[in-house]
Every structure is written in structure tokens, then in C-alpha cells.
Amino acid sequence: MSESVVQCSKEVLSGTPVFRGTRVAIRTLLDYLEAGETVGEFLDDFPTVSKEQVHRFLEGAAKREIEAAAT
């Protein structure tokens, strides 16, 4: 199984979940999307996050939602 794109460490933003290898909080992506911004706009503003990381995160979140709804 591949490594998670989410990392939590007390040394990085006091343990806030971030994209692995960055200091960009996962919440920042969600805030962008909730505000109607695109993934492209997010990536332009946070170049340390890769398109693959965003897609893997969103795919994982969608999968967990579908699994939760099925239970």
C-alpha cells in the first residue's frame, strides 16, 4: 500500500494534518473548495503540494464517505 498523503507531526503546524512533505494544511484545500475555488487555483497558490497529492486525498475522502454511507 502506498504512503498516505496526509501527515501529522507536532513539529509541523502543531500537529495539524498537512500534505506530506509540506507545511500546507489539508484544511486549506477544503477551505478553497468550499469557497468555490478550483484545485488548479489551490495548486497555483501552494506549489509545494502536487496535483497527485490532492487527487489521492480527494479520492480517499470520497471512498471513505461512500463506505460510511453503505454501513
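Residues numbered from 1 in each chain as written. Predicted model: local features only at pLDDT ≥ 70, side-chain atom pairs only at ≥ 80, totals over all residues. Heavy atoms only, no water.

Peer 1: Can you lay out helix α3 (residues 51–69) for me, pointing to particular residues and giving the numbers?
Peer 2: If you check α3, its first and last C-alpha atoms are 27 Å apart, about what 19 residues at 1.5 Å a residue would give, namely 27 Å. For α3, the full list of buried residues reads Gln53, Val54, Phe57 and Gly60. Buried residues along α3 cover an arc of 135° about the axis, so they all sit on one side. Residues of α3 that are exposed and point over 90 degrees away from its buried face: Lys51, Glu52, Glu59, Lys63, Ile66 and Ala69. The inward-facing, buried residues of α3 contact β1 (6–7), β2 (18–19), α1 (26–34) and α2 (39–45). (Helix = DSSP H or I, 4+ residues; strand = E, 2+ residues; numbered from the N terminus. Expected span 1.5 Å × (residues − 1). Buried < 20%, exposed > 50% of the residue type's maximum accessible area, 1.4 Å probe, protein only. Arc of directions from axis to C-beta. Contact = heavy atoms within 4.5 Å.)

Peer 1: Tell me about the packing of aromatic side chains, and please be specific about residues and values.
Peer 2: Enumeration over the complete set of coordinates arrives at five aromatic pairs. Ring centres of Phe19 and Phe42 lie 6.0 Å apart, and the angle between their planes is 50°; this geometry places the pair in the tilted category. Of this pair, Phe19 sits in strand β2 while Phe42 sits in helix α2, and the two are 23 residues apart along the sequence. Across the pair, Phe42 and Phe19 agree in class, each one buried. Seen from their ring centres, Tyr32 and Phe46 are 5.8 Å apart, and the 75° between their planes marks the pair as edge-to-face. Residue Tyr32 is found in helix α1, and its partner Phe46 is found in the loop between α2 and α3; the two are separated by 14 residues along the sequence. (Phe/Tyr/Trp six-rings, centres within 6.5 Å; stacked < 30°, edge-to-face > 60°.)

Peer 1: Explain unusual backbone geometry to me, and be specific about the residues and the numbers.
Peer 2: A positive phi angle, near 50°, is found at Leu13, a position not held by glycine. Structurally, Leu13 is set in the loop between β1 and β2.

Peer 1: Go over the environment of Val6 with me, naming the residues and quoting the values.
Peer 2: Tracing the sequence through the fold places Val6 in strand β1. Look at Val6 and you get partly exposed, because its relative accessible area is 24%. Distance in space between the C-alpha atoms of Val6 and Leu58 is 11 Å, their sequence separation being 52 residues. Discounting chain neighbours no more than four positions away, the residues touching Val6 are Pro17, Val18, Arg20, Ile26 and Phe57.

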